[in-house]
Amino acid sequence: MADQADCREPPGVKTPVIDVARCEGSGECVVACPYNVFTLHRLSAGALLRLPITTTAKVLIHGARQAVVERAAECRACNACISACPTGAIDVVAATRPAN
Ligand code: SF4
């Protein structure tokens, strides 16, 4: 887990994004994030059907387990999740704000 002193931003400025085709659901990001931003889920049949067929095949190989960004607004951009992910599936990008 990252030391919270490593965090660079106030919450809500950056957000993690997960490449579904790369995520193998190992859960390393769940362990690494000091703010509990991630959870692990199994993708539903409906969610699998919305993916490109090559991505669906990759996801099914690891039992359809995927990391999900559950609490994006809590991200402080420490990048511990990027370092922890064994498949390079996570990036941390500028958060988009809802239109007023
Ligand atoms: S950069 Fe990753 S590990 Fe750090 S707070 Fe954001 S989601 Fe959590």
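Preceding block: the structure.
Throughout what follows, the structure given in this document is the object of discussion. Computed from a prediction, not measured in an experiment: that's the story for all the values here.

This paragraph deals with the overall build of the chain. Check the secondary structure of the chain and you find 4 helices and 4 strands. Helices and strands appear in the chain in the N-to-C order β-α-β-α-α-β-α-β. Taking all 100 residues of the chain together, the buried fraction comes to 22%. Partitioning the contacts of the chain with sequence separation of at least 6, the portion at a separation of at least 24 is 80%.

Considering the arrangement of structural elements, one finds A73 in the loop between β3 (65-69) and α4 (80-84). Filtering out sequence-adjacent residues up to four positions away, A73 remains in contact with P11 and G12.

Turning to the site of the ligand, a few remarks are in order. Not every one of the 14 residues close to the ligand is listed here, only the nearest: C33, V37, C75, C78 and C81. Looking at the shell around the ligand residue by residue, the class counts come to 12 nonpolar, 1 polar and 1 charged.

Our focus in this paragraph is the nonpolar core. General note: in soluble globular proteins, nonpolar side chains tend to be found buried as a group. Formed by 16 residues in total, the largest nonpolar core has its most connected members in C29, C33, F38 and C81. In this view, C29 contacts F38, A67, C81, A84, C85 and I90; residues no more than four positions away in its chain are not counted.

So, about unusual backbone geometry. The backbone phi angle of N36 is positive, close to 55 degrees, even though this residue is not glycine. Mapped onto the fold, N36 is located in the loop between α1 (28-32) and β2 (38-42). The exposure class assigned to N36 is exposed, which follows from the 10 C-beta atoms found within 10 Å.

Thresholds, definitions, all that
Residues numbered from 1 in each chain as written. Predicted model: local features only at pLDDT ≥ 70, side-chain atom pairs only at ≥ 80, totals over all residues. Helix = DSSP H or I, 4+ residues; strand = E, 2+ residues; numbered from the N terminus. Buried ≥ 20, exposed ≤ 12 C-beta atoms within 10 Å, placed from the backbone. Contact = placed C-beta atoms within 7 Å. Near = placed C-beta within 6 Å. Nonpolar A, V, L, I, M, F, W, Y, C, P; charged D, E, K, R; others polar. Core = buried A, V, L, I, M, F, W, Y, C linked by C-beta atoms within 7 Å.

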